[in-house]
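The lines below spell out each chain.
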Amino acid sequence: MEFIQDNIWLVLIAVVSGGMLIWSFVGPKILGIPQVGTLEATRLINQRDALVLDVRDEGEYRAAHIPHSRHVPLTAIDSRIKELEKHRKRPIVIVCRSGNRSGAAASLLRKRGFEEVWVLKGGLVAWEQANLPIEKG
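Throughout what follows, the structure given in this document is the object of discussion. (Residues numbered from 1 in each chain as written. Predicted model: local features only at pLDDT ≥ 70, side-chain atom pairs only at ≥ 80, totals over all residues. Heavy atoms only, no water.)

### A look at unusual backbone geometry
Despite not being glycine, D49 shows a phi value in the positive range, around 55°. Looking at where D49 falls in the secondary structure, it is placed in the loop between helix 3 (38–48) and strand 2 (51–54). Even without being a glycine, N131 presents a positive backbone phi close to 60°. Locating N131 in the fold gives a position in the segment after helix 7 (123–129). By relative accessible area, which is 69% here, N131 ends up exposed. (Helix = DSSP H or I, 4+ residues; strand = E, 2+ residues; numbered from the N terminus. Buried < 20%, exposed > 50% of the residue type's maximum accessible area, 1.4 Å probe, protein only.)

Okay, here's the thing in structure tokens:
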């Protein structure tokens, strides 16, 4: 108990980071946002012409992104929703770096009436680990 009192900030940081880690795994399930792995995502892209929506920041997108993906940063989704309206009937696979921001984007799109919205589980990190193609620039 004395250790906790002497190191309260370290304990709080550990608890908060652990909570964030747990939320990254169970959050989308609780919110009802379906996730797809890289195999399912490539099937949606190739067989159903899914739109890949990258919601990372500009610098992250330029560093590496999935080929033919559309870049709309998470902070700009509301203001650029009209750009996405023409894709309402297509499946949408949302991508961020590790899968956390894409859940927020999926919630926004679902509230706007987009029905076929998935989050790429593990984000671009998982895509790269699966040795799938990426573009730079």
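More follows now that the structure is in view.
### Focus: the pairing of strand 2
Where a strand is regular, its side chains alternate between the two sheet faces. Neither face of strand 2 is open: one carries L51 and L53, the other V52 and D54, and all of them are buried. Of the pairings in the sheet, the one linking strand 2 to strand 4 (residues 92–95) comprises 4 bridges and is parallel in character. The residue bridging L53 from the neighbouring strand is I94, located in strand 4. Relative to strand 3 (residues 70–71), strand 2 runs parallel, the two being bridged by 2 bridges. Within strand 3, the residue paired with L53 across the bridge is R70. Viewed along the sheet, the connection from strand 2 through helix 4 (residues 58–63) into strand 3 turns out right-handed. (Pairing = 2+ DSSP bridges. Right-handed = clockwise from strand over helix to strand, strands pointing away.)

### Observations regarding the sheet that holds strand 3
Strands sit in the order 1-5-4-2-3 across an open sheet of 5 strands; the sheet is parallel. Where the open sheet ends on each side, the last strands, each with one partner, are strand 1 (35–36) and strand 3. Bridge analysis of strand 4 against strand 5 (residues 117–120) gives 3 bridges, and the strand direction is parallel. Bridged to I92 within strand 5 is V117.

### A short note on helix 3
Burial in helix 3 covers these residues: T38, A41, T42 and L44. For helix 3, the buried positions fall inside an angular range of 155° around the axis, keeping them on one side. Exposed and oriented more than 90 degrees from the buried face of helix 3 are L39, N46 and Q47. Along its buried surface, helix 3 packs onto strand 1, strand 4, strand 5 and helix 7. (Arc of directions from axis to C-beta. Contact = heavy atoms within 4.5 Å.)

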